[in-house]
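Chain and residue survey
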Amino acid sequence: MIAGAFAYYNYKFSQYRFIDFKEFVFYTKSQIFEPREPRYVVVLYSSHMGEPKEALEHLGERQKVLAIDLYQRRKAAEGNVTYLTAGTNTLLKFVHRFHIREVPSYFMIKKENDKGLYKQDSRIYLLEER
C-alpha cells in the first residue's frame, strides 16, 4: 500500500510541468515580460480566432492573468490581464512542454523561486466564452 501511494504521488507530481521565464522569453506590448506575482492564470489563445475578452476579464477578477497570443499580436495590458507574445519557436516549445491540445485553454502557475521558475499548479482547462 505504501508503494502504491508513493507511485501515485510520483505520477501526480510528474503531471505538472515547470516554466522558467529566463528560458522562455515572452514580450508585452513594448518590453520583455518579467514575472513578479506569486501566482498567475496562464491563458493560451489565438486572436485570429477571436479574443476571449469576457472570459479573460472574468478570470482576472481575482488573480493576475497572462494571456499568450499564438497569433502574436502585441497588445497593452488591461486591468489584471497582461497580454504576451513570443517567437514561433518559443510558442511551440511552450505548447509542447504543457501538452496543450486545444485553444483557448488555461491553467494556473505558482512561483517556485525568485529566479523566474514557476510550476504548473492545476490541470489544463478549456476556456469557454461567457
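Here, the structure is the one placed above.
Residues numbered from 1 in each chain as written. Predicted model: local features only at pLDDT ≥ 70, side-chain atom pairs only at ≥ 80, totals over all residues. Heavy atoms only, no water.

**Overview of helix α3 (residues 88–98)**
Just so we agree on the cut-off: When accessible area is computed with a 1.4 Å probe and restricted to protein chains, residues below 20% of their type maximum are described as buried, those above 50% as exposed, and intermediate ones as partly exposed. Only DSSP runs of H or I reaching four residues or more are called helices, and only runs of E reaching two or more are called strands; each is numbered from the N terminus. The reported arc concerns the directions from the helix axis to the C-beta atoms and nothing else. Only heavy atoms enter the contact rule, under which two residues are in contact if any of them lie within 4.5 Å.
Along α3, the residues that are buried comprise Thr90, Leu91, Phe94 and Phe98. Across the axial projection of α3, the buried residues extend over an arc of 100°, all falling on one side. The exposed residues of α3 that point more than 90 degrees off its buried face are Asn89, Leu92, Lys93 and His96. In this structure, the buried residues of α3 make contact with β1 (18–20), β2 (39–45), β3 (65–69), β5 (105–111) and β6 (117–120). Downstream of α3 by a residue or two, histidine 99 has a phi angle that is positive, lying close to 55°.

**Looking at the packing of aromatic side chains**
Here a ring pair, both rings aromatic, is described through the centre-centre distance and the interplanar angle of the planes. Defined as follows: What counts as a ring pair is set by centres within 6.5 Å for rings of Phe, Tyr and Trp (its six-membered ring), and what kind of pair is set by the plane angle: stacked under 30 degrees, edge-to-face over 60, tilted for all other angles.
Applying the stated rule across the entire model yields 11 aromatic pairs. Taken together, a centroid distance of 6.4 Å and an interplanar angle of 75° make the contact between phenylalanine 24 and phenylalanine 94 edge-to-face. In this pair, phenylalanine 24 is assigned in the loop between β1 and β2 and phenylalanine 94 in helix α3, connecting sequence segments 70 residues apart. Residue classification places phenylalanine 94 among the buried positions, given a relative accessible area of 1%. When the ring of phenylalanine 33 is compared with that of tyrosine 40, the centres are 6.0 Å apart and the planes differ by 70°; the resulting orientation is edge-to-face. Of the two residues examined, phenylalanine 33 and tyrosine 40, each falls in the buried class. Among the aromatic residues, those joined into a cluster by ring pairs are Phe21, Phe24, Phe26, Phe33, Tyr40, Phe94, Phe98, Phe107 and Tyr118.

**Structural notes on the pattern of salt bridges**
Should the charged atoms of two oppositely charged side chains come close, the side chains can pair. The following threshold applies: Any carboxyl oxygen of Asp or Glu within 4 Å of a side-chain nitrogen of Lys or Arg constitutes a salt bridge here.
Scanning all chains against the criterion turns up six salt bridges. Ionic pairing is found between glutamate 78 and lysine 75, a salt bridge with its closest N-O pair at 3.8 Å. Take glutamate 78: its relative accessible area is 32%, and that puts it in the partly exposed class. Here lysine 111 ties to aspartate 114 by a salt bridge, and the two come within 3.8 Å at their closest N and O atoms.

**Quick word on the nonpolar core**
Our working definition: To qualify as a nonpolar core, a set must consist of buried Ala, Val, Leu, Ile, Met, Phe, Trp, Tyr and Cys residues joined through side-chain atoms within 4.5 Å.
Within the largest apolar cluster, 19 residues are counted, with the highest numbers of intra-cluster contacts made by Ile19, Phe21, Phe26, Leu66, Ile68, Phe94 and Ile109. Within the residue set of this core, elements represented by two or more residues are β2, β3, α3 and β5. Setting aside chain neighbours within four positions, we find leucine 66 in contact with Phe21, Phe33, Tyr40, Val41, Val42, Val43, Thr82, Leu84 and Ile109. In terms of nonpolar packing, the next biggest core, distinct from the first, is built from 13 residues, Tyr45, Val81, Tyr83 and Met108 among them.

**Quick look at the pairing of β5**
Stated formally: By definition, two strands form a pair when at least two bridges between them are found by DSSP.
Among the seven residues of β5, five are classified as buried, and the element is accordingly described as predominantly covered. Bridge count between β2 and β5: six bridges; the pairing is antiparallel. Counted as the bridge partner of valine 43 is tyrosine 106 from β5. Direction of pairing for β5 relative to strand β7 (residues 125–126): antiparallel, over a ladder of two bridges. Its bridge partner being in β7, serine 105 is matched across the sheet by leucine 126. Hairpin remark: β5 followed by β6, antiparallel, with five residues in the connecting loop; positive phi at glycine 116, about 95°.

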